[in-house]
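Descriptive structure summary
Listed below, chain by chain, are the residues.
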Amino acid sequence: MADPIVYVAQRMAVAFAKVGGSLADGIDTAVRQSDRADAQVNGSLALAKAMGATPRDIAIKILEVAELKDVCSSAEVAGPGFINLTFANDFLARELVVASTSEKLGVRKVASSRRVVIDYSAPNVAKEMHVGHLRSTVIGDALVRMLMFVGNTVVRENHVGDWGTPFGMLIEHLVDLGETNAAEELSVGDLDSFYRGARKKFDGSEEFQIRARTRVVALQSGDAETLRLWKLLVAESTRYFQTIYETLGVLLQDSDVMGESAYNALLPQVAQRLSDLGLLTNSDGADVVFPEGFTNRENQPLPLIIRKTDGGYNYATSDLACVIDRVERLDSSLLLYVVGAPQAQHLQMVAAVAKQAGWLQSPREMVHVAFGNVLGADRKMLKTRSGDTIKLDALLTEAVERAAAAVAEKNPELSADTRNEISRIVGIGAVKYADLSTDRIKDYTFDWERMLSFDGNTSPYLQYAHARICSIFRRANVDRASVRKVIPKIEHKAERELAMRVLQFDSALWDTIEKYSPHRLCTYLYDLASSFSSFYEQCSVLKADTDDQRSSRLMLCDLTARVMQAGLDVLGIEAPEQM
RNA sequence: GCCCUUGUAGCUCAGUGGAUAGAGCACCGGACUUCUAAUCCGUUGGUCGUAGGUUCGACUCCUACCAAGGGCGCCA
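Owing to the predicted nature of the structure, the values given are computational and were not obtained by experimental measurement.

**Describing the packing of aromatic side chains**
Counted by the stated rule, this structure contains 9 aromatic pairs. Relative to Tyr524, the ring of Phe505 lies with its centre 6.0 Å away and its plane at 25 degrees, an arrangement referred to as stacked. Residue Phe505 is located in helix 19 (residues 505-515), and its partner Tyr524 is located in helix 20 (residues 518-538); the two are separated by 19 residues in the primary sequence. Assessed through its relative accessible area of 6%, Tyr524 is described here as buried. Members of the aromatic cluster, each reached through a chain of ring pairs, are Tyr7, Phe87 and Phe91. Looking at Lys127, its charged tip hangs above the ring of Tyr195, at a distance of 4.8 Å from the centre.

Structure follows, in structure tokens:
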């Protein structure tokens, strides 16, 4: 609990209770950041209303009973009854040491650890990963990391599209090409041309269509040879996905794959259990559930289709099987779905049915972590100039190339190896940060220039701040760990601003986790980098006036760098020591 | 037709019921014999889509409308 605002909030809550008694119960006593002081408390206005008193009088009473001597250098009533707080510098210094010497840099651990399942990335077998998979993968990875950071158990699940009617067509195409040739085409990552080849045959040949349909039946009935060919397709594809994940630097591994096919055996059980519960009804030949509150175009109840007229199951059934599996097998209490915003209604219906069936009882919850599209400069879905989807592979390669050009220009004396490594970190980081740094629910505009810029809210700017700190320690020839118990002396305005910012890591990270919104942490890290850059200009570390001042500033630098590094790390972004 | 999301500076975006709505880019003006100038400091720029309502107080909550995007029965 290093964050002074969090710390003082407890003292204020006590003071409100003392003044207001039971009338203070529903009152928002929150302490907030302020541009008038370090923090402000506004609850006195609401409490005054409840008590029928004047806000300023209440604020004065609150200040009379609030224990703030050891933490605030000033606490005064302002305006209509706001309380402005200024933290004492020695209090800030103590909290900095708490943060510096704590394992998680002052970040509170989760009160009770949860088992969280995160469903994200979800590419399709035998299809290229494209820019559409970027957001799910990057946002999901960041959430995994931050949930783990505060002490949750996180289960990653990559719900790859590895089942369904297209596989008849794909397997027949595989047979036509010959296994060796097909495996080669797939292994080099040319999944699109494989898929297109199959599609073209399917559209152009009736004979092929018949073969494909026959093959689907064989696949679903568990024909050994068909399954062998299917596994070949899946294995080559997942191997390729893994290369992308490694380039991207996300935690997903082969063992995290829980494809649609993994739930096949459960599908009849889902239907049976819904039937046993009396929730299943037959409608136009299909078995469906009508969850309450959903209507179609004609204002009729909207069904979730469990079993199609032809007896097959579809994705709603599979998604319900997922819920059952995640709750009953994994005992997960929080199910996160990092899935595009258009799926909102579908997921709401799945959740509604799962609740009706008793599979998703409070406090277990299912949360749709929805996100918008990646747009091009034309404000339409990002495409190549010729109108094709952009392969993720090509996008990441270009990011590293562009970063390399910038690094070569700005820091030409680096060795080739170092330059390549930094280019990779900067390029990939820029793409991920651009995706993470705006509110996920909105569409965002993809812009190379902006994301690779060293000005503004970009990963290179944050990485640069970190690298500058590392540079100071290299020059000073001081071991980073040696300054971590120094009690800093906060004197300069810029030091104070930086100190305040560093201490907010805890609340910034928690705010981000509670809203599943990585951009909040990005905003914080950008503010941190800005505060540091300003400090750096105004407060010389190596040429400090005194040894005390120097070690104090070194302590502040080290802590800033560690917070920056940890913050970037939970976003899935690396922080190089030089740039 | 119903439902969901979005609408904030010229552009890209932040903004937790609280005081005077903030950044970056762009524009203009400053600061490098200096711990990395890949930076910093300053100026300019707003009917917060529109109109009502709730509230001591609304960019924030509610209602209606406008605009853009998306969803709405056997694809996933």
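**Some words on the sheet that holds strand 4 (residues 82-87)**
Strand order in the open sheet formed by 4 strands is 1-2-4-3, and the pairing between neighbours is antiparallel. Looking at which strands have only one partner, the edges of the open sheet turn out to be strand 1 (31-33) and strand 3 (72-78). For this sheet the average axis-to-axis angle between neighbouring strands, irrespective of direction, equals 30 degrees. Across the sheet, helix 1 (residues 4-20) lies against strand 1, strand 2 (39-41) and strand 4, angled at about 145 degrees from strand 1, the strand it touches most.

**What about the pairing of strand 8 (residues 286-289)?**
On strand 8, burial covers both faces: Ala286 and Val288 on one face and Asp287 and Val289 on the other are all buried. Across 3 bridges, strand 7 (residues 281-283) lies against strand 8 in antiparallel orientation. Considered in strand 8, the bridge of Ser283 is made with Ala286. The hairpin turn running from strand 7 into strand 8, its antiparallel successor, is 2 residues long, and Asp284 in that turn takes a positive phi close to 50 degrees. Examined bridge by bridge, strand 8 and strand 9 (residues 304-307) share 3 bridges and lie antiparallel to one another. Paired with Val289 across the bridge in strand 9 is Leu304.

**Concerning the packing of helix 9 (residues 206-220) against helix 10 (residues 224-248)**
The interhelical angle for the contact between helix 9 and helix 10, taken along N-to-C directions, is 95 degrees, at an axis separation of 8 Å. Considering the angle they form, helix 9 stands roughly perpendicular to helix 10. Contact with helix 9, carried on its side by Arg215, Ala218 and Leu219, involves Thr226, Leu227, Leu229 and Trp230 of helix 10 and no other residues of that element.

**Description of the domain arrangement of chain A**
Many descriptions give the size of an interface as the accessible area lost when the pieces come together. Along its sequence, chain A is carved into domain 1 (4-87) and domain 2 (166-252). On a C-alpha basis, the centroid separation for the pair domain 1 and domain 2 is 65 Å.

**Some details on the nonpolar core**
If you look at the biggest cluster of nonpolar residues, it comprises 157 residues, and the most contacted ones within it are Met12, Ile118, Phe505 and Leu509. The leading source of residues in this core is helix 21 (residues 547-570), at 11 residues. If you count residues domain by domain, this core takes at least three from each of domain 1 (4-87) and domain 2 (166-252). Here Ile118 is in contact with Gly140, Leu143, Val144, Leu147, Val154, Val155, Arg156, Glu157, Leu336 and Val338, once residues within four sequence places are set aside. In terms of nonpolar packing, the next biggest core, distinct from the first, is built from 33 residues, Ala271, Ala321, Leu335 and Val339 among them.

**Remarks on unusual backbone geometry**
Here the amide bond leading from Ser362 into Pro363 is cis, since omega sits at 10 degrees, within 30 degrees of zero. Among the structural elements, Pro363 can be located in the loop between helix 13 (344-356) and strand 11 (365-371). Even without being a glycine, Asp284 presents a positive backbone phi close to 50 degrees. Tracing the sequence through the fold places Asp284 in the loop between strand 7 and strand 8.

**With respect to the state of the cysteines**
As used in these notes, a disulfide is a covalent bond between sulfur atoms, one from each of two cysteines. For the structure shown, the criterion picks out 0 disulfides. This cysteine, Cys522, is not joined by any disulfide, and Cys470 carries the nearest cysteine sulfur, 20 Å off. The exposure class of Cys522 is buried, given its relative accessible area of 0%. Cys557 takes part in no disulfide bond, and the closest cysteine sulfur to it belongs to Cys539, at a distance of 9.3 Å.

**Observations regarding the pairing of strand 6 (residues 153-157)**
Of all 5 residues in strand 6, 4 are buried; the element is thus mostly enclosed. For the crossover that starts at strand 5 (residues 115-119), traverses helix 5 (residues 131-149) and ends in the parallel strand 6, the hand is right-handed.

**Let's talk about helix 20**
Helical periodicity: at 3.6 residues per turn, an α-helix aligns residues three or four positions apart in one direction. Over its 21 residues, helix 20 runs 31 Å from end to end, which matches the ideal 30 Å to within 8%, given 1.5 Å per residue. Turning to helix 20, its buried residues number three or more, namely Pro518, His519, Leu521, Cys522, Tyr524, Leu525, Leu528, Ala529, Ser531, Phe532, Ser533 and Phe535. Buried residues in helix 20 make contact with helix 5, helix 15 (416-436), helix 17 (459-476), helix 18 (493-503), helix 19 and helix 21.

**A word on the sheet that holds strand 7**
Strand order across the open sheet formed by 3 strands is 7-8-9, with antiparallel pairing between neighbours. Each edge of the open sheet is held by one strand with a lone partner, namely strand 7 and strand 9. Shown here is a sheet whose adjacent strand axes are inclined to one another by a mean of 50 degrees, direction ignored.

**Comments concerning the pattern of salt bridges**
Tallied over the full model, the rule gives 38 salt bridges. When the shortest N-O distance is used, the salt bridge between Arg402 and Glu398 registers 2.9 Å. On the criterion of helical spacing, the pair formed by Arg402 and Glu398 is a turn pair, its members being 4 residues apart in helix 14 (residues 392-410). Judged by its relative accessible area of 34%, Arg402 is partly exposed. Owing to a relative accessible area of 30%, Glu398 belongs among the partly exposed residues under this scheme. Residues Glu574 and Arg424 are paired through a salt bridge, measuring 3.2 Å at the closest nitrogen-oxygen approach. Of this pair, Glu574 sits in the segment after helix 21 while Arg424 sits in helix 15, placing them 150 residues apart in sequence. Overall, the relative accessible area of 39% leaves Glu574 in the partly exposed class. A single salt-bridge network, built from bridges that share partners, covers Glu172, Asp176, Lys201, Glu207, Arg211 and Arg215.

Conventions we followed
- Residues numbered from 1 in each chain as written.
- Chains lettered and ligands numbered in written order.
- Predicted model: local features only at pLDDT ≥ 70, side-chain atom pairs only at ≥ 80, totals over all residues.
- Heavy atoms only, no water.
- Phe/Tyr/Trp six-rings, centres within 6.5 Å; stacked < 30°, edge-to-face > 60°.
- Helix = DSSP H or I, 4+ residues; strand = E, 2+ residues; numbered from the N terminus.
- Buried < 20%, exposed > 50% of the residue type's maximum accessible area, 1.4 Å probe, protein only.
- Lys NZ or Arg CZ within 6 Å of the ring centre and 35° of its normal.
- Pairing = 2+ DSSP bridges.
- Axes fitted to C-alpha atoms, helices over the stretch in contact; angles between N-to-C directions.
- Contact = heavy atoms within 4.5 Å.
- Parallel < 35°, antiparallel > 145°, perpendicular 65-115°, else oblique.
- Domains from an automatic or database assignment.
- Core = buried A, V, L, I, M, F, W, Y, C linked by side-chain atoms within 4.5 Å.
- Disulfide = S-S within 2.5 Å.
- Right-handed = clockwise from strand over helix to strand, strands pointing away.
- Expected span 1.5 Å × (residues − 1).
- Salt bridge = Lys/Arg side-chain N within 4 Å of Asp/Glu carboxyl O.

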